[in-house]
Amino acid sequence: MTEHEDISQNVSRSTLYSEDLAPVPASGRTWNTWNYASLWISMSLCIPTYMLASSLIEGGMNWWQAILTIFAGNTVVLIPMILNGHAGAKYGIPFPVFARASFGTKGANIPAMLRAIVACGWFGIQTWIGGFALYQMLQLWIPGLATLPAVFPASFGLATGPAICFLLFWLLNMYIVYLGIDSIRKLLVFKAIFLPVAVLALLFWAINAVEGGLGPILTQPSRFSSDAAFWAFFVPGLTGMVGFWATLSLNIPDFTRYAVNQKAQIKGQALGLPPSMTLFSFIGVVVTSATTIVYGTTIWDPVVLAGKFENKILVSIAMIAVAISTLATNIAANIISPANDFANLAPQKINFRTGGYITGIIGILIFPWKLVADPTGYIFTWLVGYSSLLGPVGGIMIADYYLVRKQQLQLAELYHPKGQYSFTNGFNRYAMLALLLGIVPNIPGFLTTIKVIPPDAIPSWITQLYSYAWFVGFFVSGISYYLIMRSYNIITATGTINRELIMSLLIKNGRVITATDDYQADILIQGEQIIAIGKELSANDAEIIDATGLLVMPGGIDPHVHLDMPFMGTFSSDTHETGTRAALHGGTTTVIDFVLQKQGHSLQEALDEWNSRARGTAVGDYSFHMAVTDFNPATKAEIKTMVEQEGITSFKTFMAYKGALMIDDRQMTGLMQEVRQQGGMVTVHATNGDVIDYLVAKHLSEGKTSPLYHYLSQPEVTEAEASARFADLADYTGCPGYIVHMTCEGALNAVRNATRRNQKVFVETCIQYLLLDASKYDQGFESAKWVMSPPLRETKDQETLWAGINQGLVNIVATDHCPFMWEQKLMGKDNFAKIPNGHPAIENRMELLFSEGVNKNRISLNKYVEVACTNPAKIFGMFPKKGTIAIGSDADIILFDPKEQHTISAATHHMHVDYSAYEGWPLTGKVKTVLLRGKVAIDKGECLVPKGYGQFIKRNKVSGKI
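Residues numbered from 1 in each chain as written. Predicted model: local features only at pLDDT ≥ 70, side-chain atom pairs only at ≥ 80, totals over all residues. Heavy atoms only, no water.

Helix and strand counts for the chain come out as 36 helices and 21 strands. Considering the chain as a whole, with its 962 residues, one finds that 62% of them fall into the buried category. Accessible area of the chain: about 35000 Å², with a carbon and sulfur share of 59%. (Helix = DSSP H or I, 4+ residues; strand = E, 2+ residues; numbered from the N terminus. Buried < 20%, exposed > 50% of the residue type's maximum accessible area, 1.4 Å probe, protein only. Areas by Shrake-Rupley, 256 points an atom, 1.4 Å probe, with all protein chains shown as cover.)

Right, here's the structure in full:
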């Protein structure tokens, strides 16, 4: 599993994530040098490239001046192209995600929208070209099209016939968007074959149309009256050449993210961009120069030129070719990039199709026919104008990546709304300042160019800066950004160090409790992690949380929950949304749910099913155990995949529920051997299923159907025997073993015996087995609320388990949270064997354990954190990322008032169940505030994180030690 695949899985439900914006995994990074060279050849072979060259001829240059200008401009722009492409190739990320590092998670929308608007302009230009090609063809066959009465105001500069064709071609583009990106592939193939043939035909025409061939064409003189006049045109012309690819110099990560390596993107672009642009432009230069000789006027638009040919069939074929080629280029070059940009505004809501529609609408509103009406406006207004906006963006991003961050990005943080790239409320205000500084010098020149202010109103040296717009913006913004960011400092426990400019959160004056420590300290959080712990900490722009009088502890981890689980003909009533939200209210920030393999089906099928339920719905963090119910050669082969690729390192087995979940000892032994080899752990529901089935059948045959007989069908011996047998099998195979929901003295003694042979078997009990006893089964059918497997035991067993916690034999206190509505419990009204097994506790565990354990001196504060937070993280491969308060750990933190009194009630809990197993239970100690990965998730009884904020936590291989 690569870093990129790992990140995608962990952040796939972030509000900043979508499939289009996800980092490309290793399997998808296949583009080589030739792919990038051919990309640029294809991108360069378009009508605007031809027009770029011909516009220089129209402006007064001769052929070699135009070619030199184009080659120089494309060589210059190759530098930022390669520099910006590095991050895409290294991290597999598109431009909008890359921009988050410098502009912020929200601020990235500013450069993304600047680029998107430019792409929309290019979309409009290409659409106008394609539409006008249709007009040139149709007017030959329908002459009346050219004389239709005017519909638009004269200020629009838009005749009715061309407007109709423009609209028709626009609708065709939108239809392709509707069909999806795959529909364009055949058109791209057509373009790659036909367009080079078409332009070579134009070159052939030019050579043959002019007497003497290339000689007279290439001897056409420059029309500049002086060197000063040449330089006055050359400089903005060069800037225009750079501006021509200014969008691509930014969004090149959209393409380099697919690179096999850095060498491929660097060589491919160097080989593809300047040569192909120069060669194709040369054809434009030759043909345009030929028009001056043949027609006595310069025709710089090839579509207009083709319309002058007399043969209707030839013109029609040429115009259809132009239209199809333009359509292909438009979708490939001018829809994909703005679609990514618009998607960055709302990744969960805007996809390719929606982004394409937005692009299309803006492409009309930008009046593209005016942009290409004359070469002066094309170069000085359009190309130079938008280069003055995009140059500063490029300068900032390159300065940030190379000078500030030294080419190092935290990939996962780029997708986290409150991560280290969120800066201040999602914006890096220093990047905004640098952007403004780079744009401002070009504003006077732009205003004089579009004649908003007279040229003599501003000193000429200021207005002339506009001729260098891209260069001015690039260097002013880049240098100013670097100088500002270099001076940013943050104070930590170890002194003043240079840090990312990101939003901070500081917990002050708390009493920090971990599994080993108890001390007063402040905790500084940046993004999702704890970065400093100490006294009297401070940080620029940090949000302060006052924890005076509160305990500051790591977020709880409940490694045994059943959310939205199919069981006994129904489903547990808490979904991954409601269950993890309730867990957060109770101070549990991470849960581990169980994926149930169906017999006869694969582990991957089961995982896919559970992923579909949890992804995008979980509010808190979660992981999975894989419950193996059918161990066979195919299942065996999947164990390695689960451990190494999916990060699922624990495999649950059942020694009960024959015919549904149970596996026999033969399968158990084979599973243990394979799991041990792959670095995993086997957990077990340890009760003797055969004995239980016998007793259930016996009681029912005797007419004993009440919930009491659920308890009597699972005596202590069924658990003690199975626990001992499991420990023996784990010892024989050498596989780390973990017994879930242990309830009784007999079972704990089996583990105690294992320790005498130096074997470690991990033990989990649940909060109900510490606090509730079998007297709950004397309440008639009301007792169904406490029907669970194993059932509640005797008070002697409670004392044994509390002692086992302090002795280190019982390692974890979980819940086995598996709630069912009362209506679901009624399914077993006449047959206890049909009562869905399980009870709700995910929200109550932390407060119950504190009130009944710490306050009643059964366990210490450190032991409380150990069994509720730290040991689950250690045993299941999440430590120290989870389960503790330490520098570098996730900022999963609870602020706990040890003195507040309250009462448990179904009327106030957040679990999706209509009763409470602890109704009216008085508590001392309450969760006040909960942080999940640095974000305040619960405060004052309100959940502040949305559905889908929870991440899947991939876990490391287990060691079998804590």
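Before going further, it helps to examine helix H30 (residues 716-733). Relative to the 26 Å expected for 18 residues at 1.5 Å per residue, H30 spans 26 Å between its end C-alpha atoms, a close match to the ideal helical length. Buried positions along H30 lie against helix H27 (665-678), strand E14 (681-685), helix H28 (689-701), strand E15 (737-739), helix H31 (745-755) and strand E16 (761-766). At the C-terminal side of H30, Gly 734 shows a positive phi close to 75°. (Expected span 1.5 Å × (residues − 1). Contact = heavy atoms within 4.5 Å.)

What follows concerns the confidence of the model for the chain. Summary statistics for the chain give a mean pLDDT of 86 and a share of 88% for residues scoring 70 or more. Contacts of residues 1-7 to residues separated by more than four positions or lying in other chains number 22 contacts, the stretch itself having pLDDT below 50. Under a pLDDT of 50 for its full length, residues 488-502 has, in the predicted model, 46 contacts with residues more than four places off or in other chains. (pLDDT = per-residue confidence, 0-100.)

On to the packing of helix H25 (residues 603-614) against helix H26 (residues 633-644). Look at H25 against H26: their axes get within 9 Å of each other, and the N-to-C directions meet at 45°. Of the possible angle classes, the one that applies to H25 and H26 is oblique. On H26, the residues that touch Leu 603, Gln 604 and Leu 607 of H25 are Thr 635, Glu 638, Ile 639 and Met 642. A breakdown of the residues in the contact of H25 with H26 according to their chemical character gives four nonpolar, two polar and one charged. (Axes fitted to C-alpha atoms, helices over the stretch in contact; angles between N-to-C directions. Parallel < 35°, antiparallel > 145°, perpendicular 65-115°, else oblique. Nonpolar A, V, L, I, M, F, W, Y, C, P; charged D, E, K, R; others polar.)

For the rest of this paragraph, the subject is the sheet that holds strand E17 (residues 812-814). Read from one edge to the other, the open sheet built from eight strands follows the order E8-E11-E12-E13-E14-E15-E16-E17, with strand pairing classed as parallel. At either end of the open sheet lies a strand with only one pairing partner, and these are strand E8 (556-561) and E17. Geometrically, the sheet is characterised by an average inter-axis angle of 30° between neighbouring strands, direction not taken into account. Taken together, the two bridges between strand E12 (residues 621-627) and strand E13 (residues 650-654) define a ladder with parallel strand orientation. Across the sheet, residue Met 626 finds its bridge partner in E13, namely Phe 651. Contacting E13 and E14, H27 crosses the sheet at an angle of about 150° to E14. Relative to the sheet, H30 contacts E14, E15 and E16, its axis offset from that of E15 by approximately 170°. (Pairing = 2+ DSSP bridges.)

Okay, unusual backbone geometry next. A cis geometry characterises the amide bond from Ser 789 onward to Pro 790, with omega recorded as -5°. Look at the link from Phe 879 to Pro 880: it is a cis peptide, with omega at 0°. In this structure, Pro 880 sits in the loop between helix H36 (861-875) and strand E18 (893-903). In the Ramachandran plot, Gln 407 falls in the positive-phi region, its phi being about 65° despite a non-glycine side chain. Residue Lys 940 is not a glycine yet carries a positive backbone phi of 55°. Secondary-structure assignment places Lys 940 in the loop between strand E20 (935-939) and strand E21 (942-943). Overall, Lys 940 belongs to the exposed group, its relative accessible area being 76%.

Below, the discussion takes up the packing of aromatic side chains. Aromatic ring pairs: the centre-centre distance and the angle between the two ring planes describe each pair. Scanning the model with the defined rule gives 32 aromatic pairs in all. Ring geometry for Trp 31 versus Tyr 258: centroids 5.5 Å apart, planes at 25°, classification stacked. One end of the pair, Trp 31, is in the loop between helix H1 (3-11) and helix H2 (33-44); the other, Tyr 258, is in the loop between helix H12 (253-256) and helix H13 (262-295), with 227 residues separating them in the sequence. On the numbers, 5.6 Å between centres and 20° between planes, the contact of Phe 230 with Phe 234 is stacked. Separated by four residues within a single helix, Phe 230 and Phe 234 lie in helix H10 (residues 227-244), roughly one turn from each other. (Phe/Tyr/Trp six-rings, centres within 6.5 Å; stacked < 30°, edge-to-face > 60°.)

This next bit is on the nonpolar core. Taken as a class, soluble globular proteins show a tendency for nonpolar side chains to be buried jointly. Membership of the largest hydrophobic core comes to 123 residues, with the highest contact counts inside it found for Phe 624, Met 626, Met 668, Leu 849 and Tyr 864. Sorting elements by how many residues they give to this core places H36 first, with eight residues. Among all residues touching Phe 624, those that are not within four sequence positions of it are His 576, Ile 592, Asp 593, Val 595, Leu 607, Trp 610, Asn 611, Ala 614, Ile 648, Ser 650, Phe 952 and Arg 955. Listed in part, the 78 residues of the second largest apolar core include Cys 120, Phe 230, Leu 248 and Val 285. (Core = buried A, V, L, I, M, F, W, Y, C linked by side-chain atoms within 4.5 Å.)

For the rest of this paragraph, the subject is the packing of H26 against H27. In the contact formed by H26 and H27, the axes pass within 10 Å of each other and the chain directions differ by 35°. Of the two possible hands of crossing, H26 and H27 adopt the one that is right-handed. Residue-level contacts link Lys 636, Ile 639, Lys 640, Val 643 and Glu 644 of H26 to Leu 671, Glu 674, Val 675 and Gln 678 of H27. For the contact of H26 with H27, the residue count by class is four nonpolar, one polar and four charged. (Left-handed = near helix turned anticlockwise from the far one by under 90°.)

Turning next to a nonpolar patch on the surface. Taken together, Leu 148, Ile 164, Leu 167, Leu 168 and Leu 171 make up a surface patch of nonpolar side chains, about 410 Å² in accessible area. Here Leu 171 shows up in helix H7 (residues 160-179). (Patch = residues over 30% accessible without salt bridge, like charges linked within 9 Å, V, L, I, M, F, W, Y side chains within 5 Å. Salt bridge = Lys/Arg side-chain N within 4 Å of Asp/Glu carboxyl O.)

In this fold, Thr 105 is placed in the loop between helix H5 (95-103) and helix H6 (109-141). Taking relative accessible area as the criterion, Thr 105 reaches 3% and is therefore assigned buried. The spacing of Thr 105 and His 416 is 311 residues in sequence and 7.8 Å in space, taken between C-alpha atoms.

A few words on H13. Helix length check: H13 (34 residues) gives 49 Å between terminal C-alpha atoms against 50 Å at 1.5 Å per residue, within 8%. Here H13 starts with a cap whose side-chain oxygen sits 3.2 Å from the backbone nitrogen of Lys 263, and that cap is Asn 261. Of the residues one or two after H13, Gly 296 is the one with positive phi, at around 80°. (Polar contact = N/O pair within 3.5 Å; in protein donor to acceptor, adjacent residues only side chain to side chain.)

This next bit is on the pattern of salt bridges. If the charged atoms of two oppositely charged side chains come close together, the side chains can form a pair. Taken as a whole and judged by the stated rule, the model has 28 salt bridges. Close ionic contact of Glu 528 with Arg 933 constitutes a salt bridge, the shortest N to O distance being 3.1 Å. With Glu 528 in the loop between strand E4 (518-526) and strand E5 (529-534) and Arg 933 in the loop between strand E19 (922-932) and E20, the pair connects residues that are 405 residues apart, well separated along the chain. Note on Glu 528: relative accessible area 6%, which makes it buried. Where Asp 731 meets Arg 757, a salt bridge forms, and the shortest distance between an N and an O atom there is 3.8 Å. Of this pair, Asp 731 sits in helix H30 while Arg 757 sits in the loop between H31 and E16, and the two are 26 residues apart along the sequence. Beyond isolated ion pairs, a larger network of salt bridges with shared partners links Glu 528, Asp 621, Lys 881, Lys 882, Asp 890, Asp 892 and Arg 933.

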